[in-house]
Amino acid sequence: MYGNQKIVALFGNMHQTNKSKYANQVVNLLRANGYGIIVERGFHSHAAQYLDGIADGDVFDGGGFNADFAISLGGDGTFLRTAMFVGDKGIPILGINIGHLGFMSEVNPENITEAIESIVAGNYKLESRSVLEVAAGNRNIGVYPFALNDIAVLKQDISSMIKIKVSINSEYLTTYSSDGIVVATPTGSTGYSLSAGGPVVVPESKSVIIAPVAPHSLSVRPIVICDNVEIRMNVTSRTGHFLVAVDGRSTSCGESEEITIRRAPYDIKTIHCGNKSFFDTMREKLMWDGDLQK
């Protein structure tokens, strides 16, 4: 269909379609440089008015596609959704931030032209982001048991804490009495884990964060461990059930199901354009440059 033409898979925010006007700019820039465009169906159905010339054959469902690279047009939630569909395909993702905070989607709308030109010229670098895999007993959790950001084990009811016995490589760590635990990748260290008191970890770190959510004991603190380990959790709940959230996608589990978390057998590749470093992003997004004495 496309011959030797390079193909770009486009994903976007499906909840703020007024911001999807940037999709037309992206499509036009890519076409002007000889790229073919395919669009994820969910995004296309919400933003068709901004996607001129996209034929039915250029629309795909979920993970049923192949491309040279993918573009996520939205915030971090859209980027996570894009990563879910990319999975283990090894397709690099460029994040364009038309959302709010945008830690993973680092290209701002005013820099779209510059970013696309960098892609065309090959003037970019690829970064590998680790992924976590989770299982409950002998079953996978949900349709996609992999997380680029985090896996959270949480109480299902609103009244009582749960107890979570945690072992690392079969060695007992502790039993947490809390509202839950967040197990985060370095990419996810700026998400739920951060709000639970976890540290910010640079993306290249081969590590995993375990951060308790509202722990009963004040002496309980987050811990950072190597990512080549297997984490096992046994949960006790007053209701007999609890939630496991994989990048926000929740599944109910029972006490008899042991939760196992390990590093996935693949990474997600991200496209980094320009000279902005991770520390530049931290200063900008977390407002670390603020001088309270001014």
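Residues numbered from 1 in each chain as written. Predicted model: local features only at pLDDT ≥ 70, side-chain atom pairs only at ≥ 80, totals over all residues. Heavy atoms only, no water.

1. Describing the overall build of the protein
When you go through the protein residue by residue, the secondary structure sums to six helices and 20 strands. Projected onto the principal axes, the alpha-carbon positions of the protein cover approximately 60 × 50 × 35 Å. When each of the 294 residues of the protein is scored for burial, the buried share is 52%. In the protein, once contacts between residues fewer than 6 apart in sequence are set aside, the share between residues at least 24 apart is 67%. On the protein, the mean spot of the 25 positive side-chain charges and the mean spot of the 30 negative ones are 3 Å from each other. (Helix = DSSP H or I, 4+ residues; strand = E, 2+ residues; numbered from the N terminus. Buried < 20%, exposed > 50% of the residue type's maximum accessible area, 1.4 Å probe, protein only. Contact = heavy atoms within 4.5 Å. Lys, Arg positive; Asp, Glu negative; His and termini not counted. Charge placed at Lys NZ, Arg CZ, Asp CG, Glu CD.)

2. Here we look at the side chain of Ser167
Along the polypeptide, Ser167 turns up in strand β11 (residues 162–168). Apart from residues lying up to four places away in sequence, Ser167 is in contact with Tyr172, Leu173, Glu230, Ile231 and Arg232.

3. Focus: the pairing of strand β17 (residues 241–246)
Of the strand pairs in this sheet, strand β10 (residues 150–155) and β17 are connected by five bridges, and their pairing is antiparallel. Across the sheet, the residue bridging to Ala152 is Ala245, located in β17. The sheet contact formed by β17 and strand β18 (residues 249–254) spans six bridges and is antiparallel. Considered in β18, the bridge of Leu243 is made with Ser252. Connecting β17 to the antiparallel partner β18 that follows it, the hairpin turn spans two residues, and Asp247 within it adopts a positive phi of roughly 50°. (Pairing = 2+ DSSP bridges.)

4. Concerning the pairing of strand β14 (residues 207–213)
Counted residue by residue, β14 has seven buried out of seven residues, so it is predominantly covered. With burial as the criterion, each face of β14 is covered, one bearing Ser207, Ile209, Ala211 and Val213 and the other bearing Val208, Ile210 and Pro212. Relative to β14, strand β13 (residues 180–184) is paired through five bridges, and the arrangement is antiparallel. Residue Ile181 lies in a different strand from β14, and its bridge partner there is Pro212. Sheet analysis places β14 next to strand β15 (residues 223–226), joined by four bridges and oriented antiparallel.

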